[in-house]
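# Remarks on the overall topology
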Amino acid sequence: MDLSVIVPTFNEGPNVAELVRRTTAALPGRAVEIVFVDDSTDDTPDIIRTVAATADVPVRLIHRDDPVGGLGGAVVEGFRAAASDRCVVMDGDLQHPPEIIADLLERAEMGDADVVVASRYIAGGTSDGLANAVRTTVSRASTLLTKAMFPKKLHNCSDPMTGFFLVDLRSLDLESLRPRGFKILLEILARKQLRVAEVPFAFAPRFAGESKASLSQGMRFLTQLTMLRFGRMSAFAVVGGIGALANLAIMWALTEFGMEYLWAAVVASVITIIGNFLLLEYLVFADMRAESGQMWHRFAKSFAFNGIEAIVRIPVIGILVERAHLPSVLAAALTLVAAFVVRFVFHALVVYAPKKSRAARIAAVVEPLEDELAA
């Protein structure tokens, strides 16, 4: 097999037949397979099966009922299932022209690159297919920010935000990847220093369907970038900072409306505890949810801990206000900073700790007994 083409899809049924047709036509005489890793909630899986039945190349479907890691997680699952060490990753909306796959493969066969990136930002490439000037500006700014945060590893990559590239799986450690959201190439390049080559491509208008870009995807990208550069604790700090600002804003607004400052602190704490948990759940610890039990168990542990922390912290605010004569909002800010490290340790080691299997729990009880009997 010369090449595996990995196509993560989410409700992209109208594009499937055209993508398979153009991909097949672009690679005559090549041994190629197309692997759809599908997280769809519509009839896309049925369309893929129908197209596969008459395709001139092998077309495989991996449908995920539990889309762990989003698009990036789908790509990694495709890597694991691929029949070839060389894999092309492309979107299912045909904004990545299949005709460029031949250029990617030809460049890879020169043997001096681990990753060949289809770039919008080198001579011959364009990003005209982006929906509007706002998306173009956001894309450019995100690229500059990313390259600034990884100046060495991304030195030879003009378009680390693209989702269109070829990678030699022999150069990767798949177990080290922590995919989340859209930007799997960034995850690959930031984890390990790789040899990068580029070919130009014109980002095309969407063939059919609707764009999946959203504010939540933007938040996932910023979280991914923070965790790659600074680690999970920094991502936790970003979420904590957002929660702290929200806490202070709510408290200030309530005191302005006449609520007594301690009660305002209580209300603000409850609201931000719930909001912070949701941000931690879907951004910072998203990759740890599957192994850490049920969501409501995590919420109960998080809420209980934060409630106890608030019970301790709010009287401290009173002491700082009444005895140290600090402004109430400043006093609240100081206590939030002091609580940060304890919160992170508790959530990382308790709330999102991998849940032991039944066998492991039994072993934890039985093995010490066996040791005692042997002694």
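The text that follows walks through the structure, step by step, so that each part is easy to find. (Residues numbered from 1 in each chain as written. Predicted model: local features only at pLDDT ≥ 70, side-chain atom pairs only at ≥ 80, totals over all residues. Heavy atoms only, no water.)

## Here's the deal with the packing of aromatic side chains
We describe a pair of aromatic rings using the distance from one ring centre to the other and the angle between the two ring planes. Heads up, the rule is: Think of it this way: a Phe, Tyr or Trp ring, Trp meaning its six-membered ring, pairs with another when their centres are within 6.5 Å, and the plane angle makes it stacked under 30 degrees, edge-to-face over 60, tilted otherwise. Secondary structure elements are taken from DSSP: a helix is a run of H or I of four residues or more, a strand is a run of E of two residues or more, and numbering for both begins at the N terminus. Partly exposed describes any residue whose relative accessible area lies between the buried limit of under 20% and the exposed limit of over 50%, with all areas from a 1.4 Å probe on protein chains only and scaled to the type maximum. Comment: the charge-over-ring label is applied if NZ (Lys) or CZ (Arg) is within 6 Å of the ring centre and within 35 degrees of the ring normal.
Applying the stated criterion across every chain yields a total of 5 aromatic pairs. Consider the rings of Phe164 and Phe201, whose centres lie 5.4 Å apart with planes at 90°: the pair is edge-to-face. Remark: Phe201 occurs in the loop between strand 7 (196-200) and helix 7 (215-230) and Phe164 occurs in the loop between helix 5 (133-149) and strand 6 (165-168); sequence separation between them is 37 residues. Just as Phe164 is buried, Phe201 falls in that class too. Between Phe201 and Phe203 the ring centres are 6.2 Å apart and the planes differ by 75°, which places this aromatic pair in the edge-to-face class. Judged by relative accessible area, which is 1%, Phe201 ranks as buried. Taken together, the aromatic side chains of Phe164, Phe201 and Phe203 make up a single cluster linked through ring pairs. Its end group placed over the ring of Phe203, Arg120 keeps NZ or CZ at 5.5 Å from the ring centre.

## Some words on the nonpolar core
Condition: By convention a nonpolar core is built from buried Ala, Val, Leu, Ile, Met, Phe, Trp, Tyr and Cys residues, the set being connected through side-chain atoms within 4.5 Å. Note on contacts: a residue pair is in contact if any heavy atoms of the two residues lie within 4.5 Å.
Residues Leu3, Val5, Phe36, Leu104 and Phe164 are the most contacted members of the largest nonpolar core, which totals 32 residues. Secondary-structure elements contributing two or more residues to this core are strand 1 (3-9), helix 1 (13-26), strand 2 (32-38), helix 2 (44-54), helix 4 (101-108), strand 5 (115-119) and strand 7. Beyond its immediate stretch of four places on either side in the chain, Phe164 contacts Val88, Val89, Met90, His96, Pro97, Ile100, Ile101, Leu104, Val117, Ala118 and Phe201. Membership of the second largest hydrophobic core comes to 30 residues, among which are Val35, Cys157, Leu172 and Leu194.

## Looking at the pattern of salt bridges
Short version of the rule: For this analysis, a salt bridge means a side-chain nitrogen from Lys or Arg found within 4 Å of a carboxyl oxygen belonging to Asp or Glu.
This model, assessed by the stated rule, comprises 16 salt bridges. With its nearest N and O atoms 2.9 Å apart, the salt bridge here joins Arg49 to Asp46. Of this pair, Arg49 and Asp46 both sit in helix 2, separated by 3 residues, roughly a single helical turn. Look at the salt bridges and you will find they share partners, linking Asp39, Arg64 and Glu77 into a network.

## Some words on helix 3 (residues 70-81)
Test applied: Multiplying one less than the number of residues by 1.5 Å gives the expected span of a helix.
In a regular helix each residue adds 1.5 Å, so 12 residues correspond to 16 Å; helix 3 covers 17 Å between its end C-alpha atoms and thus fits that length. Along helix 3, the residues classified as buried are Gly72, Gly73, Ala74, Val75, Val76, Gly78 and Phe79. On its buried face, helix 3 sits against strand 1, strand 2, strand 4 (86-89), strand 6 and helix 6 (184-191).

## Description of the pairing of strand 2
Note the threshold: Two strands qualify as a pair provided DSSP detects at least 2 bridges between them. The handedness rule is simple: strands pointing away from the viewer, and a clockwise path from the first strand over the helix to the second, make the crossover right-handed.
Across the 7 residues of strand 2, 7 count as buried, placing the element largely inside the fold. Alternating positions in strand 2 separate into two faces, Val32, Ile34, Phe36 and Asp38 on one and Glu33, Val35 and Val37 on the other, with burial throughout. In the sheet, strand 1 pairs with strand 2 via 7 bridges, with the strands oriented parallel. Bridge pairing in strand 2 links Val7 to Phe36. Taking the sense of rotation as the criterion, the β-α-β connection linking strand 1, helix 1 and strand 2 turns out right-handed. Pairing of strand 2 with strand 3 (residues 59-63), which is carried by 5 bridges, proceeds in the parallel orientation. Counted as the bridge partner of Ile34 is Val59 from strand 3.

## Thoughts on the environment of Phe150
Mapping Phe150 onto the fold places it in the loop between helix 5 and strand 6. Each C-alpha atom, one on Phe150 and one on Ala190, is 7.1 Å from the other, the two residues being 40 residues apart in sequence.

Limitation: the analysis is restricted to geometry and does not speak to function.
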